[in-house]
Amino acid sequence: MDRETGRPGTGLRTGPRTPPAGVARTPRPRLAQGVPGAPPPPAARRPRRRRLRLPAAVGVGLLLAGGGVVAVDRLGQDRAAPAPLTPAGRALAAAGAGRPAALADLAALIGERRERVRRAPADRASWAVLGAALAERAARSGAPGAYTEAERALQRALAQGGTPDVRALTGLAVLAAARQDWAGAVRWGEAARDRAPGRVGAYRVLLEAYPGTGDAEGADRALERLRKVRPGPVAEVAAAWVHRERGWREDAEATVYDAAARAATPAERAAALSRAGDLAWERGEAETALARYEGALRAEPEHDGAAAGRARALAGLGRSEEALTAWARARAAAPRPGYAVESGELLLALGRSAEAADHFALARHQAAALARDGVRQEPVLGRLEADHGDPAEAVRLLTEEHRRHPGPAASGALGWALHKAGRSAEALPRLRAAVKDGPNTARPAYHLGMVHLALGERGAARRQLTRALRLAPQFSPLHAERARRELAALGEPAWGPPPA
């Protein structure tokens, strides 16, 4: 610390020195500037550091140069750089770091491990890696058949005996979450976490699974631990969604934008930007959402979540034909029945009811195929039946879903189905809970407003419908327009004279 200024110092005095009394100042010779071999001026000298002496065999450092790695030996001579990772190696490294892998790299890893287990059927580690890679691809592609193949490989890894491979446990957690079996995802995720507390993958799954079971405190604990184990973009993307589930929109936005800025790979950047797009869309900022989704698709063109988000944003901006094309792209990337439901609702809003019916039929077909592969489809089928089919069937499906996975999302979905089935009084407490405890988004507020309207509670209906449209004016091409019509019919509050 510099005693005169109070600022941190270097330990070296740089100001003028006053010679002791009676001692003449000896002028210092001027140093030659730019002369080869001349020593640097004193201000440029660096304090000496102790030299670490290493054997010649290990005296090698690594320098990052232009994104590549250059090996330099003790004498400063270049040595051959390590060979770059193969696509399979990149996917394996991403899994070890808890990052999403590029889909092409994931496919390469799957092909390599399939060949390994073909040659060595007792190779437990390769079965675990293969199963985990298949589970991630199933979660991201939504392709029927992929889930069963992943489960077989993961169970084969565990069947080899010995201590369970943590990669197999994590893969089973990922697979359960992809199947929307949140209780199973928690069970396998906690087993993986207990087996290897320092690995990242288990925490990522648990952060998705705990909210599905209604365990908000579990999500908080998992997030705290993940931030300690692996601070950075992976943790911040997860944190953003935890904040979003609590309704903390500003916190969610800050963390996800930071994650996008610090992303180390295109796949990681795509995941962060897609989440940023989701948050902007729920905030009612369609232009911003569109820009974020398009950025995610530039980073990873196969990202189906970004493709679906882009379709929603285009529809919200009134660019309906472009939105229908974007929905086709999302369905091609991942055959998720929810995408067919949303594109069908856009067609219905455009008055193209026959085409909409085809999309709803496609959604039912895809849901049946996924159900055969163990993927639970009650949420999407319940929504489809409530709005465009048999509300009584929706109540049956969503009652079962709420029994398995109580939480704001399931409560709100069941409440809406009860309302559509003519049971609005039963629906009201469930939708109130969904609005109170769930994320601060437009659709639950719209549903609650419509239930208040059905019960003749005009003031409460006006408040909730106004809230829904304030949160996101174009939250649905079908339902947002109905919210505007009902709000207009309600008119302004009647301000009568105060009571005597």
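What counts, and at which threshold
Residues numbered from 1 in each chain as written. Predicted model: local features only at pLDDT ≥ 70, side-chain atom pairs only at ≥ 80, totals over all residues. Heavy atoms only, no water. Helix = DSSP H or I, 4+ residues; strand = E, 2+ residues; numbered from the N terminus. Buried < 20%, exposed > 50% of the residue type's maximum accessible area, 1.4 Å probe, protein only. Contact = heavy atoms within 4.5 Å. Areas by Shrake-Rupley, 256 points an atom, 1.4 Å probe, with all protein chains shown as cover. Phe/Tyr/Trp six-rings, centres within 6.5 Å; stacked < 30°, edge-to-face > 60°. Expected span 1.5 Å × (residues − 1). pLDDT = per-residue confidence, 0-100. Salt bridge = Lys/Arg side-chain N within 4 Å of Asp/Glu carboxyl O. Axes fitted to C-alpha atoms, helices over the stretch in contact; angles between N-to-C directions. Parallel < 35°, antiparallel > 145°, perpendicular 65-115°, else oblique. Left-handed = near helix turned anticlockwise from the far one by under 90°. Core = buried A, V, L, I, M, F, W, Y, C linked by side-chain atoms within 4.5 Å.

### Here we look at the overall build of the chain
Thinking step 1. Of regular secondary structure, the chain possesses 23 helices and three strands.
Thinking step 2. Residue burial in the chain is summarised as follows: out of 500 residues, 43% are buried.
Thinking step 3. Restricting the contact set of the chain to residue pairs at least 6 apart, pairs at least 24 apart contribute 51%.
Thinking step 4. By element, 54% of the accessible surface of the chain is carried by carbon and sulfur atoms, the whole surface being about 26,700 Å².

### Section: the packing of aromatic side chains
Thinking step 1. In the structure shown here, the tally under the stated rule is three aromatic pairs.
Thinking step 2. Between Trp416 and Tyr446, the ring centres sit 5.9 Å apart and the planes meet at 45°, which makes this aromatic pair tilted. With a gap of 30 residues between them, Trp416 in helix 19 (residues 408–420) and Tyr446 in helix 21 (residues 442–454) connect regions that are remote in the sequence. Of the two residues examined, Trp416 and Tyr446, each falls in the buried class.

### Concerning helix 10 (residues 249–262)
Thinking step 1. For helix 10, which comprises 14 residues, the first-to-last C-alpha distance of 20 Å matches the rise-based estimate of 20 Å (1.5 Å per residue) to within 8%.
Thinking step 2. Along helix 10, the residues that are buried comprise Arg249, Ala252, Glu253, Thr255, Val256, Ala259 and Ala260.

### What about the confidence of the model for the chain?
Low-confidence regions, as indicated by low pLDDT, have predicted coordinates that should not be scrutinised in detail.
Thinking step 1. Counting all residues, the mean pLDDT for the chain is 83, and 82% of those residues have values of 70 or more.
Thinking step 2. Every residue in residues 1–78 scores below 50 in pLDDT, and together they form 48 contacts with partners more than four places removed in sequence or on other chains.

### Comments concerning helix 5 (residues 166–178)
Thinking step 1. Helix length check: helix 5, at 13 residues, gives a terminal C-alpha distance of 18 Å against a target of 18 Å (1.5 Å per residue), a fit within 8%.
Thinking step 2. Those residues of helix 5 that fall on the buried side of the exposure criterion are Val166, Ala168, Leu169, Thr170, Gly171, Leu172, Ala173, Leu175, Ala176, Ala177 and Ala178.
Thinking step 3. Where the residues of helix 5 are buried, they touch helix 3 (124–141), helix 4 (146–159), helix 6 (182–195) and helix 7 (201–212).

### Topic: the pattern of salt bridges
Thinking step 1. A complete count under the given rule lists 37 salt bridges for this structure.
Thinking step 2. Between Arg114 and Glu149 there is a salt bridge whose closest N-O contact spans 2.5 Å. Here the residue Arg114 occupies a position in helix 2 (residues 103–119), and Glu149 occupies one in helix 4, the gap between them amounting to 35 residues.
Thinking step 3. Accessibility expressed as a relative area gives 31% for Glu149, which makes it partly exposed.
Thinking step 4. The salt bridge involving Glu426 is made with Arg423; its shortest N-O contact spans 2.9 Å.
Thinking step 5. For Glu426, a relative accessible area of 41% translates into the label partly exposed.
Thinking step 6. Exposure remark for Arg423: the relative accessible area of 34% places this residue in the partly exposed category.

### Let's talk about the packing of helix 5 against helix 6
Thinking step 1. Their axes nearest at 8 Å, the elements helix 5 and helix 6 cross at an angle of 160°. Relative to helix 6, the element helix 5 is oriented roughly antiparallel. For the pair helix 5 and helix 6, the crossing hand works out as left-handed. Along its contact with helix 5, which presents Val166, Leu169, Thr170, Leu172, Ala173, Ala176 and Ala177, the element helix 6 presents Trp182, Gly184, Ala185, Trp188, Gly189, Ala191, Ala192 and Arg195.

### Examining the nonpolar core
Thinking step 1. Counting residues in hydrophobic clusters, the biggest one holds 36 residues, and the most contacted among them are Ala289, Trp327, Ala330 and Leu346.
Thinking step 2. Counting residues per element, this core draws most heavily on helix 13 (residues 304–316), which supplies seven residues.

### Structural notes on the side chain of Gln464
Thinking step 1. Tracing the sequence through the fold places Gln464 in helix 22 (residues 458–471).
Thinking step 2. Discounting residues that sit within four places of it in the chain, Gln464 has contacts with Ala445, Leu448, Gly449 and His452.

### Concerning the environment of Leu362
Thinking step 1. Topologically, Leu362 is positioned in helix 16 (residues 353–372).
Thinking step 2. Not counting residues up to four positions away in its chain, the partners in contact with Leu362 are Arg331 and Ala340.

### A closer look at unusual backbone geometry
Thinking step 1. Despite not being glycine, Gln180 has its phi angle at roughly 60°, a positive value.
Thinking step 2. Along the polypeptide, Gln180 turns up in the loop between helix 5 and helix 6.
Thinking step 3. Take Gln180: its relative accessible area is 27%, and that puts it in the partly exposed class.

### Quick notes on the packing of helix 22 against helix 23 (residues 479–490)
Thinking step 1. The N-to-C vectors of helix 22 and helix 23 enclose an angle of 140°; their axes lie 10 Å apart at closest approach. By the criterion of interaxial angle, the relationship of helix 22 to helix 23 is oblique. The way helix 22 lies across helix 23 gives a crossing that is left-handed. Between helix 22 and helix 23, the residues in contact are Arg458, Ala461, Arg462, Leu465, Thr466 and Leu469 and Ala480, Ala483, Arg484, Glu486, Leu487, Ala489 and Leu490, respectively.

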